[in-house]
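Analysis of the macromolecular model
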Amino acid sequence: FNHKIISIESIITKSFSDDNFFIDFLPEIEMYDKEYAVIREKKLLNVINEPCLREIKLFYDLVKLNPSTHILNRSLNYHPSKLHKSIREDDIETFQSILSKNNLSVNHRIEQSVYERSHTPDKEMSLIQIAAIYGSLKVFKFLWMQNEIVFDKNLQRYANFGNNYEIIHLFELKGSYKDIIDDLIAFNRHELFQYFLENFGNENINNE
C-alpha cells in the first residue's frame, strides 16, 4: 500500500468481510471514503463487545486512540516496546538499563503485540524467548547466566528458529532429535540441518 502497489479501493473491498483488515487501515479508509467508514464502523461496533472478540476490540481501541502512531507501528512491523527493541537489536546496555530502572525481573514477560512480525503461539513471551527468536547473542548469554532464570520448555525451538549457532550450541541436546529435525525442516534451516547431520550422525536421526 505504501509503495502504491495495492490500491485503497482493493483494501476497502477486502475490509467488507475482514474486521481486522478494516481496523488496520481505518485511518486511510476514513480519509478516502468517510461515509463507508461510518457505516462499516457501526456494523463493527454492534458485535465488537462480544467476549470472543476481545482482541479485536483492543486492536480497534488502539487504532482509534492514536491513528498516526498506529500507522507508524504498522509500517515498522515490530513490537513497539523499548525493551523488546533493545532485545531484538541485541543492545545489552540499553536492555540492562531498562531492567534496572524499571526493577524488572529477568523472568519478565512481554505481552504479544499486533505489530510484531514473529507470530508465536505464546500470548506472552519471556525475555529469553525473544532473545532466542531474534538470535540476540549478548542478551541471551546475559539471561542464560542468571541464577534465577526460568527456561521455557519451547526455548530450544525458539533458538532453532532464530538460527544463531552460538545460541543453539549452548543447549544440551537432551530431548528428541526428531523434534529438532522437524523444526529445522519446517523453518527451512538447511545449513543447521547439515550441522546436526555432521555432528550427531545419521544413525541417531534415522533411529528417530
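Residues numbered from 1 in each chain as written. Predicted model: local features only at pLDDT ≥ 70, side-chain atom pairs only at ≥ 80, totals over all residues. Heavy atoms only, no water.

**Describing the side chain of Asp122**
Within the fold, Asp122 resides in the loop between β1 (109-111) and β2 (124-126). The buried charged residue Asp122 lacks any salt bridge, with Arg109 as its nearest oppositely charged partner at 4.8 Å. Here Asn154 takes part through its side chain, which lies 3.2 Å from a polar atom of the side chain of Asp122. Other than its neighbours up to four places away in sequence, Asp122 contacts Gln112, Gln129, Asn154 and Tyr158. (Helix = DSSP H or I, 4+ residues; strand = E, 2+ residues; numbered from the N terminus. Buried < 20%, exposed > 50% of the residue type's maximum accessible area, 1.4 Å probe, protein only. Lys, Arg positive; Asp, Glu negative; His and termini not counted. Salt bridge = Lys/Arg side-chain N within 4 Å of Asp/Glu carboxyl O. Polar contact = N/O pair within 3.5 Å; in protein donor to acceptor, adjacent residues only side chain to side chain. Contact = heavy atoms within 4.5 Å.)

**Quick look at the packing of aromatic side chains**
As enumerated under the stated definition, the model contains 8 aromatic pairs in all. Ring centres of Tyr78 and Tyr134 lie 6.3 Å apart, and the angle between their planes is 50°; on these two criteria the pair is classed as tilted. With Tyr78 in the loop between α6 (67-76) and α7 (82-88) and Tyr134 in the loop between α9 (127-133) and α10 (137-144), the pair connects residues that are 56 residues apart, well separated along the chain. Overall, Tyr78 belongs to the partly exposed group, its relative accessible area being 27%. Judged by centre distance (6.1 Å) and plane angle (80°), the ring pair of Phe95 and Phe142 falls under edge-to-face. Highlighted residues: Phe95 in helix α8 (residues 92-101) and Phe142 in helix α10, separated in sequence by 47 residues. Classification of Phe142 as partly exposed rests on a relative accessible area of 22%. Grouping aromatic residues by their ring pairs yields a cluster made of Phe1, Phe21 and Phe25. In this structure, Lys14 is placed above the aromatic ring of Phe21, and the distance from its NZ or CZ to the ring centre is 5.9 Å. It is Arg117 that lies over the ring of Tyr78; its NZ or CZ is 3.8 Å from the centre. (Phe/Tyr/Trp six-rings, centres within 6.5 Å; stacked < 30°, edge-to-face > 60°. Lys NZ or Arg CZ within 6 Å of the ring centre and 35° of its normal.)

**Observations regarding unusual backbone geometry**
The backbone phi angle of Lys4 is positive, close to 65°, even though this residue is not glycine. Backbone geometry at Asn163 places phi at a positive 65°, although glycine is not the residue there. You can see Asn163 is positioned in the loop between α11 (155-162) and α12 (165-169). The class of Asn163 is partly exposed, set by a relative accessible area of 32%.

**Side note on empty space enclosed by the protein**
The final tally for this structure, using the stated rule, is 1 cavity of 30 Å³ or more. Quantified by volume, the largest cavity comes out at close to 40 Å³. Each residue belonging to the lining of the largest cavity can be placed in one class, and the counts come to 3 nonpolar, 4 polar and 2 charged. (1 Å grid on protein atoms, 1.4 Å probe; cavity = no way out; pocket = protein on both sides within 12 Å on 5 of 7 lines; lining within 4 Å. Points joined across faces, edges and corners; volume = space filled by probe spheres on them. Nonpolar A, V, L, I, M, F, W, Y, C, P; charged D, E, K, R; others polar.)

**Focus on the layout of surface pockets**
Over the atoms, a rolled probe matching the size of one water molecule traces out where space is still vacant. Reported here for the largest pocket is a volume of approximately 1,100 Å³. The wall of the largest pocket is formed by 33 residues, among which Phe59, Gln112, Ser113, Val114 and Tyr115 lie closest to the centre. A per-element tally of the lining of the largest pocket places helix α5 (residues 54-65) first, with 7 residues. Grouping the constituent residues of the lining of the largest pocket by class yields 11 nonpolar, 13 polar and 9 charged.

**Here we look at helix α1 (residues 8-15)**
Listed as buried for α1 are Ile8, Ile11, Ile12 and Ser15. Seen end-on, α1 carries its buried residues on one side only, within an arc spanning 100°. Packing partners of the buried residues in α1 comprise α2 (19-24), α3 (26-32) and α4 (34-45). (Arc of directions from axis to C-beta.)

**With respect to α8**
Within the span of α8, buried status applies to Ile92, Phe95, Ile98 and Leu99. The buried residues of α8 occupy one face: seen down the axis, they fall within an arc of 130°. Facing away from the buried side of α8 by more than 90 degrees, the exposed set consists of Glu93, Ser100 and Lys101. Among the structural elements, α7, α9 and α10 are those in contact with the buried residues of α8. Once α8 ends, the next one or two residues include Asn103, with phi positive near 55°.

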